[in-house]
Amino acid sequence: MTSTSPAARAPIGAAADPVRLLRSWTPGEGSWFSGPQGALLTRGTRTRLPSGDADAVLRRLRELGGSALAVGALPFDPAAPAHLVVPEHVERADPLGAVLVAGPGSTPVAGTARPVPAPAVYESMVAEALARMATGALDKVVLARALEVVADGPVDPVPMLRELARRDPRSYLFAVDLPPARPGTARTLLGASPELLLSRRGTTVTANPLAGSAARSPDPEEDRRRGEALLASAKDRHEHALVVADVAERLRPLADDLEVPDEPSLVRTPTLWHLSTTVRARTTDPDASALHLAQALHPTPAVCGVPRPAAHAAITEIEPFDRGFYTGAVGWTDAHGDGEWVMALRCGEVQGDRVRLWAGAGIVPASRPADELAETAVKLRTLLDALGLDEG
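Residues numbered from 1 in each chain as written. Predicted model: local features only at pLDDT ≥ 70, side-chain atom pairs only at ≥ 80, totals over all residues. Heavy atoms only, no water.

Colleague: In this structure, what is going on with the overall build of the protein? I would like to understand it.
Modeller: The number of helices and strands found in the protein is nine helices and 23 strands. At 20 Å, the protein has a C-alpha radius of gyration in line with the 21 Å of a compact globule built from 392 residues. In terms of overall dimensions, the protein has a C-alpha envelope of 55 × 50 × 40 Å along the principal axes. Looking at the 392 residues of the protein, the share that counts as buried comes to 56%. Partitioning the intrachain contacts of the protein with sequence separation of at least 6 by distance along the chain shows that 75% fall at a separation of at least 24. As displayed, the protein has an accessible area near 15600 Å², and 53% of this comes from carbon and sulfur atoms. Charge centroids of the protein, computed over 41 positive and 49 negative side chains, lie 2 Å from each other. (Helix = DSSP H or I, 4+ residues; strand = E, 2+ residues; numbered from the N terminus. Rg over C-alpha atoms; globule rule 2.2 N^0.38 Å. Buried < 20%, exposed > 50% of the residue type's maximum accessible area, 1.4 Å probe, protein only. Contact = heavy atoms within 4.5 Å. Areas by Shrake-Rupley, 256 points an atom, 1.4 Å probe, with all protein chains shown as cover. Lys, Arg positive; Asp, Glu negative; His and termini not counted. Charge placed at Lys NZ, Arg CZ, Asp CG, Glu CD.)

Written out as structure tokens, the structure reads:
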């Protein structure tokens, strides 16, 4: 079974035109989220939430009134500070749909991209992870690398977001204001994620873990063959099963009627095939908000590894940077506990003339360093294409 959008659900339903809403997003003034459930644009800041604690956030939203939302980003490291705000204004719209009317292409960014670390060093990082697996310390670990882009002038994230929407309007598109690292300059985390971490609508809870990937091909027959090969790959199915088992285990104490399909399916983005499993459950606890449930799952083995403590330690020791909000989660939660949180993947952080892009790959005992490097290069293309840049 194949699908163009993971965990598709009924739209929120609203009068606003989603394309108009997309075109009205302004960095530094609010955030944008869209996906199969609908689109959401926020403006202004009513209050900042000093804590990422889900119970405290829900209490505060209830104090502020039934229409209040918390929006923002969770970091990869659960111990690091989250960035959550209650916006002054919120507009909702139906999903962007299958096709956006093509407008003029985005203007390529002039600048240079420096890999961090160098490709050969990334391959040695994978080799180090494989050596740790040989001792039995790890079953899986996700290792990331970055590209540091220095542009010839300030980078405007607006055409980047519109280009991401033009290329893949059915993805989970996001553009989140972050606290600036340099005063007076907007800092934006934006991307087109394929992966839903968790959503809650009423009593219905949905998670859609992805793990196992293969590059798309422009030739339809070859593209179909690659998807079928991914679905049959023992290595990728093992990597995927680790993620699904962890998600189910963490949801089981918090929700009832857990539904976990026996077999993964295929989903596709413009650049990659992914193995996908949609997990559903039910909760009748009004305090088990979408944020609460998302934090119970995060970080999943799709972005961290198995066992989680050993994988997190390996990432800290092997990767040459702090991930920050990359492989964290972006989204929203309301005073009723409903909300949607998606993985911060296929994303970049823009501030001034600097852009940092990330991509990672899941390492399991059958992995090969050169293959994992190639996988990260394909994943980086999503944001590089939006910038009009080449990796090297």
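On we go from here.
Colleague: It is not clear to me how the nonpolar core should be interpreted in this structure. Could you clarify?
Modeller: Across soluble globular proteins, you tend to see nonpolar side chains buried next to one another. With 58 residues, the main nonpolar core has Phe-174, Leu-189, Leu-197, Leu-198, Val-330 and Trp-341 as its most contacted residues. Leu-198 has contacts with Val-205, Thr-206, Ala-207, Leu-251, Ala-290, Leu-293, Ala-294, Leu-297, Gly-339, Glu-340 and Trp-341, leaving out every residue within four places of it along the chain. One finds Met-160, Leu-190, Ala-192 and Val-355 within the second-largest nonpolar core, a separate group that totals 34 residues. (Core = buried A, V, L, I, M, F, W, Y, C linked by side-chain atoms within 4.5 Å.)

Colleague: Any chance you could explain the packing of aromatic side chains here in plain terms?
Modeller: When we look at a pair of aromatic rings, we describe it by the centre distance and by the angle of the planes. This structure, assessed with the given rule, holds one aromatic pair. Over the face of the ring belonging to Trp-332 we find Arg-92, whose NZ or CZ atom lies 4.9 Å from the ring centre. Sitting over the face of the ring of Phe-76, Arg-323 holds its NZ or CZ atom 4.3 Å from the ring centroid. (Phe/Tyr/Trp six-rings, centres within 6.5 Å; stacked < 30°, edge-to-face > 60°. Lys NZ or Arg CZ within 6 Å of the ring centre and 35° of its normal.)

Colleague: I would appreciate a short explanation of the pairing of strand β6 (residues 83-86) in the present structure.
Modeller: Going residue by residue along β6, you find His-83 and Val-85 tucked away on one face and Leu-84 and Val-86 tucked away on the opposite face as well. Pairing of strand β4 (residues 47-49) with β6 involves three bridges; the strand directions are antiparallel. Looking across to β6, one finds that Thr-47 is bridged to Val-86. Both strand β5 (residues 69-74) and β6 contribute to a ladder of three bridges, which runs antiparallel. Within β6, the residue paired with Ala-73 across the bridge is His-83. (Pairing = 2+ DSSP bridges.)

Colleague: Explain the UniProt feature "domain: Chorismate-utilising enzyme C-terminal" (unreviewed entry) in the protein to me, please; I cannot follow it from the model alone.
Modeller: Those places that UniProt annotates as "domain: Chorismate-utilising enzyme C-terminal" (unreviewed entry) correspond, in this numbering, to residues 120-379. Secondary structure over residues 120-379 splits into 33% helix and 34% strand, and the C-alpha atoms at its two ends are 18 Å apart. (UniProt positions renumbered as here; feature names shortened; annotations may be inferred.)

Colleague: I tried to follow the sheet that holds strand β12 (residues 196-201) on my own but got confused; where do I start?
Modeller: In any sheet, the strands associate via hydrogen bonds between backbone groups, in a parallel or an antiparallel arrangement. The strand order β4-β6-β5-β20-β21-β12-β13-β18-β15 describes an open sheet built from nine strands, whose pairing is antiparallel. Looking at the sheet topology across the chains shown, the edges are occupied by β4 and β15 (256-259). Across the sheet, the axes of successive neighbouring strands diverge by a mean angle of 15°, strand direction being ignored. Note: β12 against strand β13 (residues 204-208), four bridges, orientation antiparallel. Counterpart to Arg-200 in the pairing with β13 is Val-205. Of the strands in this sheet, β4, β5, β6 and β20 (329-334) are in contact with helix α2 (residues 54-64), which crosses β4 at around 160°. Sitting on the sheet, helix α7 (residues 290-297) is in contact with β5, β6, β12, β13, β20 and β21 (339-343), with an inclination near 150° to β12. (Axes fitted to C-alpha atoms, helices over the stretch in contact; angles between N-to-C directions.)

Colleague: Sorry, what's going on with empty space enclosed by the protein here?
Modeller: Where empty space is left becomes clear once a probe the size of a water molecule has been rolled over the atoms. One pass over the structure, following the stated rule, counts four cavities of 30 Å³ or more. By volume, the largest cavity amounts to about 260 Å³. As for the largest cavity, its lining consists of 23 residues, and the residues nearest its centre are Ala-302, Leu-345, Arg-346, Gly-360 and Lys-379. The element that contributes the greatest number of residues to the lining of the largest cavity is strand β23 (residues 354-363), accounting for five residues. (1 Å grid on protein atoms, 1.4 Å probe; cavity = no way out; pocket = protein on both sides within 12 Å on 5 of 7 lines; lining within 4 Å. Points joined across faces, edges and corners; volume = space filled by probe spheres on them.)

Colleague: Can you walk me through the environment of Phe-325 in this structure?
Modeller: With respect to the helices and strands, Phe-325 occurs in the loop between α8 (308-318) and β20. Of the residues examined, Phe-325 reaches a relative accessible area of 9% and is grouped as buried. Sequence separation between Phe-325 and Ala-73 is 252 residues; the distance between their C-alpha atoms is 6.9 Å. Beyond its immediate chain neighbours, meaning those up to four positions away, Phe-325 contacts Ala-73, Leu-74, Pro-75, Phe-76, Pro-81, His-83, Leu-178, Arg-187, Leu-189 and Ala-344.

Colleague: For this particular structure, what's the right way to read the packing of helix α3 (residues 119-134) against helix α9 (residues 369-387)?
Modeller: When two helices pack together, their arrangement is given by the angle between the helix axes and the distance between those axes. Running from amino to carboxyl end, α3 crosses α9 at an angle of 125°, the nearest separation of the two axes being 9 Å. If you check the angle between α3 and α9, you find them oblique. As for the relative orientation of α3 and α9, their crossing is right-handed in sense. Mapping the contact onto sequence places Pro-119, Tyr-122, Glu-123, Val-126, Ala-127 and Leu-130 in α3 and Pro-369, Ala-370, Glu-372, Leu-373 and Thr-376 in α9. Residues that form the contact of α3 with α9 fall into these classes: eight nonpolar, one polar and two charged. (Parallel < 35°, antiparallel > 145°, perpendicular 65-115°, else oblique. Left-handed = near helix turned anticlockwise from the far one by under 90°. Nonpolar A, V, L, I, M, F, W, Y, C, P; charged D, E, K, R; others polar.)

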